[in-house]
Amino acid sequence: DRYVLEEMQRLGATLGGEQSGHVIFLDHATTGDGLVTALMVLQFLQESGAPLSALADTMTAFPQQLTNVAVASTRGWNEQESLRRAIADAEADLGMDGRVLIRASGTEPKIRVMVEAASAEKVDYWSARLARVVEETMTE
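Calculation rules
Residues numbered from 1 in each chain as written. Predicted model: local features only at pLDDT ≥ 70, side-chain atom pairs only at ≥ 80, totals over all residues. Heavy atoms only, no water. Helix = DSSP H or I, 4+ residues; strand = E, 2+ residues; numbered from the N terminus. Contact = heavy atoms within 4.5 Å. Areas by Shrake-Rupley, 256 points an atom, 1.4 Å probe, with all protein chains shown as cover. Lys, Arg positive; Asp, Glu negative; His and termini not counted. Charge placed at Lys NZ, Arg CZ, Asp CG, Glu CD. Phe/Tyr/Trp six-rings, centres within 6.5 Å; stacked < 30°, edge-to-face > 60°. Buried < 20%, exposed > 50% of the residue type's maximum accessible area, 1.4 Å probe, protein only. Core = buried A, V, L, I, M, F, W, Y, C linked by side-chain atoms within 4.5 Å.

A. Highlighting the overall build of the protein. Scanning the protein from terminus to terminus reveals 5 helices and 5 strands. Reading the protein from its N end, one meets helices and strands in the order α-β-β-α-α-β-α-β-β-α. Projected onto the principal axes, the alpha-carbon positions of the protein cover approximately 55 × 30 × 25 Å. Taking the contacts inside the protein whose residues are at least 6 apart along the sequence as the reference set, 51% of them involve residues at least 24 apart. Taken as a whole, the protein presents about 9200 Å² of accessible surface, with 53% of it coming from carbon and sulfur. Both charge centroids of the protein, one from 12 positive and one from 21 negative side chains, sit 7 Å from each other.

Structure, rendered in structure tokens:
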């Protein structure tokens, strides 16, 4: 929730979440809350008169991969120039058809590399390349 909240605050967003099911409605709470999420969905359904199935039709799911890279320490991972360049290359290649999220785990000595793109081939390519850069950079 911490990273979702930070990104929401940076963007000025009031709704954020991740695939794990954590959804934050910033107007109501600063952490993911399943009951708040359920109530908000029910409120939308009641106000719109739409069936629940209509919500699923509004989202296009892209292939996504999460790779956990074990490191001795997560300190300074985001200051590595080679990793910054690799992330910029991935973002430029994916454009609006994908995204990259790299972050340090809050609970383990791991760097989490998540890539989402319109094609599985792009996901596989950038996941492997970025994980390799993390390994090369953080195990030296």
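B. Expanded view of the packing of aromatic side chains. Under the counting rule described, the total for this entry stands at 1 aromatic pair. Judged by centre distance (4.9 Å) and plane angle (80°), the rings of Tyr125 and Trp126 are edge-to-face. Judged by its relative accessible area of 4%, Trp126 falls in the buried class.

C. Geometry of the nonpolar core. With 22 residues, the main nonpolar core has Ile102, Leu130 and Val134 as its most contacted residues. Residue assignment for this core shows that the elements contributing at least two residues are helix 4 (81-94), strand 4 (98-104), strand 5 (110-117) and helix 5 (120-138). No other element matches helix 5, which puts 7 residues into this core. Apart from the residues lying within four places of it in its own chain, the contact partners of Ile102 are Trp77, Leu83, Ile87, Ile111, Arg112, Val113 and Leu130.

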